[in-house]
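Listed here are the chains, written in short residue letters.
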Amino acid sequence: MSAETETTATRAAATSASFAASRRWLLWSGIAALCAWVLVPIYLIALGALGGRQGVYLWPKTGLPAGISLEPFILFLRTEGVFRSFLNSLGAAGMTVVLSILLGAPAGYALARYNFRGKDSYRLLVLLTRAFPLAILALPLTVSFIRLGLYDTIVGVGLIHTVLALPFAALVTQGIFLGVPKELEEAAWVFGCTRMQAFFRIVAPLALPGIVATAVFAFVISWNEVFAASVLTVRNRTLTAYLLTVLSESPMHYRFAGGLLLILPSIVFIFAVRRYLFAIWGISSK
């Protein structure tokens, strides 16, 4: 009987090990597929941008073609207007990130911590701000910005991008602050902290990873937005608006260079704040 029990236990252990190996294989297969989904397009864009005409039309694609050089990309960067529009995009994106956090985080905290009349209606109205296509507001926005002196300025573009990112920032930070136990704040009050001190010493550090994720989303929204930047600017174009106007008649490798220039800042920004993003899932990163 003991031998039969031992055999059954051995089979169960073998089955469990096989199941664990299968799960591990599926996990790593999924990770590999996800990495390929993200990295292969970036590789193809980089190949077209750095390989010139040969890199664009070369088939089949190889790992590192002999014609790879930074010269085509540098030549694109030297094109008149590209560097200026790049700085304009950085300025608008930076303004969007700062305003989205400064305005969205307090709104999210208020929604998470306080009960007030019209709270649910307010959340619904915040969502409804994204229900109206920006094209409908193009004409009144243009007229208003001309009257206010904001037309064809990076400040005006940054304000519009902030409006686009703010609903997401408010609702996401609400969920972040709901995840921070209120008892921690109450304990800080007991030990003599004011509400403001308790927020900055207790709540803000715990919510920082989620706030950084919100900042990343705001940055990407601003960096990739093209319609408002095209309508509200003429000379001070952002990079997306500038590329939309000049690349339609450009060589194919110039278009790939423009695409690579659009991708790189987002990658660098996300890489710079990766430790805070990883902290959301409890992953340590140095």
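Fair warning: this is a prediction, and the values are worked out from it, not measured in the lab.

Enquirer: I'm lost on empty space enclosed by the protein in this one. Help?
Expert: Empty space among the atoms can be located by rolling a probe the size of a water molecule over them. On inspection of all chains with the given rule, the structure shows 1 cavity of 30 Å³ or more. Volume-wise, the largest cavity comes out at about 30 Å³. Lining the largest cavity, in full, are Leu 134, Ala 138, Leu 141, Phe 227, Ala 228, Val 231 and Leu 232. At the level of secondary structure, the elements contributing two or more residues to the lining of the largest cavity comprise α6 (138-148) and α10 (227-232). Considering every element that reaches the lining of the largest cavity, the biggest residue donor is α10, with 4 residues. Looking at side-chain class alone, the lining of the largest cavity contains 7 nonpolar, no polar and no charged residues.

Enquirer: I'm lost on the layout of surface pockets in this one. Help?
Expert: Here the second largest pocket is characterised by a volume of approximately 220 Å³. Lining the second largest pocket we find 11 residues, and of these Thr 129, Leu 134, Leu 137, Val 163 and Leu 164 sit closest to its centre. Per-class residue counts for the lining of the second largest pocket are 9 nonpolar, 1 polar and 1 charged.

Enquirer: Sorry if this is basic, but what is going on with the side chain of Asp 152 here?
Expert: Assignment of secondary structure puts Asp 152 in the loop between α6 and α7 (154-178). Within polar-contact distance, the side chain of Asp 152 engages the backbone nitrogen of Val 234 at 2.8 Å. When sequence neighbours within four positions are dropped, the list of residues in contact with Asp 152 reads Leu 232, Thr 233, Val 234, Arg 235 and Asn 236.

Enquirer: How should the nonpolar core be read in this particular structure?
Expert: Note that soluble globular proteins tend to have their nonpolar side chains buried in a common cluster. Core analysis: the biggest nonpolar cluster contains 38 residues, and Phe 73, Phe 76, Phe 177 and Leu 261 have the highest contact counts within it. Contributing elements (two or more residues each) for this core: α1 (2-50), α3 (71-77), α4 (82-113), α7, α9 (195-224), α10, α11 (239-246) and α12 (252-272). Ranked by the residues each element gives to this core, the list is headed by α9, at 10 residues. Discounting chain neighbours no more than four positions away, the residues touching Phe 177 are Ala 105, Gly 108, Tyr 109, Ala 112, Arg 113, Phe 199, Val 203, Ala 207 and Ile 211.

Enquirer: Teacher, can you tell me more about the packing of aromatic side chains here?
Expert: In this description, a pair of aromatic rings is defined by centroid distance and the angle of the planes. The tally for this structure, following the rule as stated, stands at 8 aromatic pairs. The interplanar angle of 85 degrees and the centroid separation of 5.7 Å between the aromatic rings of Phe 86 and Trp 223 together place this pair among those described as edge-to-face. Taken together, the positions of Phe 86 in helix α4 and Trp 223 in helix α9 put the pair 137 residues apart, joining distant regions of the chain. Here Phe 86 and Trp 223 have matching classes, each one buried. Between Tyr 109 and Phe 177 the ring centres are 5.4 Å apart and the planes differ by 90 degrees, which places this aromatic pair in the edge-to-face class. Taken as a pair, Tyr 109 in helix α4 and Phe 177 in helix α7 lie far apart in primary sequence, 68 residues in all. Like Phe 177, Tyr 109 is buried. Through pairs of rings, three or more aromatic residues link up here, namely Tyr 109, Tyr 114, Phe 177, Phe 199 and Phe 200. The aromatic ring of Trp 189 is capped on one face by Arg 195, whose charged end is 4.4 Å from the ring centroid.

Enquirer: Help me out: how do you make sense of the side chain of Asn 236 in this one?
Expert: Tracing the sequence through the fold places Asn 236 in the loop between α10 and α11. Looking at Asn 236, the relative accessible area reads 18%, which means it is buried. Here Asp 152 takes part through its backbone oxygen, which lies 2.8 Å from a polar atom of the side chain of Asn 236. Contact partners of Asn 236, with chain neighbours within four places excluded, come to Arg 84, Asn 88, Asp 152, Thr 153 and Ile 154.

Analysis parameters
- Residues numbered from 1 in each chain as written.
- Predicted model: local features only at pLDDT ≥ 70, side-chain atom pairs only at ≥ 80, totals over all residues.
- Heavy atoms only, no water.
- 1 Å grid on protein atoms, 1.4 Å probe; cavity = no way out; pocket = protein on both sides within 12 Å on 5 of 7 lines; lining within 4 Å.
- Points joined across faces, edges and corners; volume = space filled by probe spheres on them.
- Helix = DSSP H or I, 4+ residues; strand = E, 2+ residues; numbered from the N terminus.
- Nonpolar A, V, L, I, M, F, W, Y, C, P; charged D, E, K, R; others polar.
- Polar contact = N/O pair within 3.5 Å; in protein donor to acceptor, adjacent residues only side chain to side chain.
- Contact = heavy atoms within 4.5 Å.
- Core = buried A, V, L, I, M, F, W, Y, C linked by side-chain atoms within 4.5 Å.
- Buried < 20%, exposed > 50% of the residue type's maximum accessible area, 1.4 Å probe, protein only.
- Phe/Tyr/Trp six-rings, centres within 6.5 Å; stacked < 30°, edge-to-face > 60°.
- Lys NZ or Arg CZ within 6 Å of the ring centre and 35° of its normal.

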